[in-house]
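Structural overview
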Amino acid sequence: MKGGKKHYMEVNQKQLATILGVTDRRIRQLINEFGLFHNNEHGGKREKRYDLGKCVQEFIQYQVDAETNRGASLNKEQVSAEHEEIKKKISMLKLKRLRRQLHSADDVEEFLTSMLVNFRDRLLSIPQKTAPILASVDDVNKILEILEKEVCETIEELSEYDPLEIEKEKDYERMDDDMEEDEEEEE
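Residues numbered from 1 in each chain as written. Predicted model: local features only at pLDDT ≥ 70, side-chain atom pairs only at ≥ 80, totals over all residues. Heavy atoms only, no water.

Attention now moves to the overall build of the protein. Helix and strand counts for the protein come out as 7 helices and 3 strands. Taken from the N to the C terminus, the helices and strands of the protein come in the order β-α-α-β-β-α-α-α-α-α. Within the span of the protein, comprising 187 residues, buried residues form 19% of the whole. Considering only contacts within the protein whose residues lie at least 6 apart along the sequence, 59% involve residues at least 24 apart. Per element, the accessible surface of the protein, about 14,600 Å² overall, is 53% carbon and sulfur. (Helix = DSSP H or I, 4+ residues; strand = E, 2+ residues; numbered from the N terminus. Buried < 20%, exposed > 50% of the residue type's maximum accessible area, 1.4 Å probe, protein only. Contact = heavy atoms within 4.5 Å. Areas by Shrake-Rupley, 256 points an atom, 1.4 Å probe, with all protein chains shown as cover.)

Structure follows, in structure tokens:
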């Protein structure tokens, strides 16, 4: 720089478009829509001459901003797609529960606990139930037959699994409420 005067290169619109690798029309669009590429004025007359250094910097910043926004948009789309996938999985699980193909862990645990407690109580009641009968029997084979019958009846209770007993009516009411909430969220 001589005498504090800045030297810069001025180009016309067509040259600017060629250097930036875009069309003249795109240059006009960037000027009109985004306020890029300010013209230099000479002698009060507005000429379409541009400071190449400033224009290149503005164009690079515009491209970076556009890519950043595009990246944010892609991230939003990805998050939205993942959210929709999760909602789909939840809906499938709710459908399986309605069809009674799926039970909550709490319900299964409660059902099994109850069933095993009943089984234990039933086994422990066999001696009290059979003692009066067995006291009058002298034949060992008859005693074994009576005891075996009682044990078999007790074991048979275990085989009477009914999935309807696991799910409680309140669970279906709760699921109906959940489904109504889901429908409201979708609207």
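Turning next to the pattern of salt bridges. Summed over the entire model, instances satisfying the criterion amount to 6 salt bridges. Arg49 serves as the salt-bridge partner of Glu10, at 3.8 Å between the closest nitrogen and oxygen. With Glu10 in strand S1 (residues 10–12) and Arg49 in strand S3 (residues 45–51), this residue pair connects regions lying 39 residues apart in the sequence. Given the relative accessible area of 21%, Glu10 is considered partly exposed. Assessed through its relative accessible area of 26%, Arg49 is described here as partly exposed. A salt bridge links Lys142 to Glu145; the shortest N-O distance between them is 4.0 Å. Of this pair, Lys142 and Glu145 both sit in helix H5 (residues 140–158), separated by 3 residues, roughly a single helical turn. The exposure class assigned to Lys142 is partly exposed, which follows from its relative accessible area of 37%. (Salt bridge = Lys/Arg side-chain N within 4 Å of Asp/Glu carboxyl O.)

Overall, the prediction assigns the protein a mean pLDDT of 78, with 75% of residues at 70 or greater. Averaged pLDDT values over the elements of the protein bottom out at 57 in helix H7 (residues 169–186) and peak at 88 in H5. (pLDDT = per-residue confidence, 0-100.)

Our focus in this paragraph is the environment of Leu30. Turning to its location among the elements, Leu30 is positioned in helix H2 (residues 24–34). According to the relative accessible area criterion, Leu30 is buried, its value standing at 0%. Contact partners of Leu30, with chain neighbours within four places excluded, come to Gly35, Leu36, Phe37, Phe59 and Tyr62.

Turning our attention to the nonpolar core. Judged by nonpolar contacts, the single largest core of 13 residues is most densely connected at Leu16, Leu20, Ile27, Leu30, Phe37 and Tyr50. When neighbours within four sequence positions are excluded, Leu20 is seen to be in contact with Ile27, Phe37, Val56 and Phe59. (Core = buried A, V, L, I, M, F, W, Y, C linked by side-chain atoms within 4.5 Å.)

The subject of this paragraph is the side chain of Gln13. Along the polypeptide, Gln13 turns up in helix H1 (residues 13–20). In contact with Gln13, other than residues within four places in its own chain, are Asp24, Ile27, Arg28, Lys48 and Tyr50.

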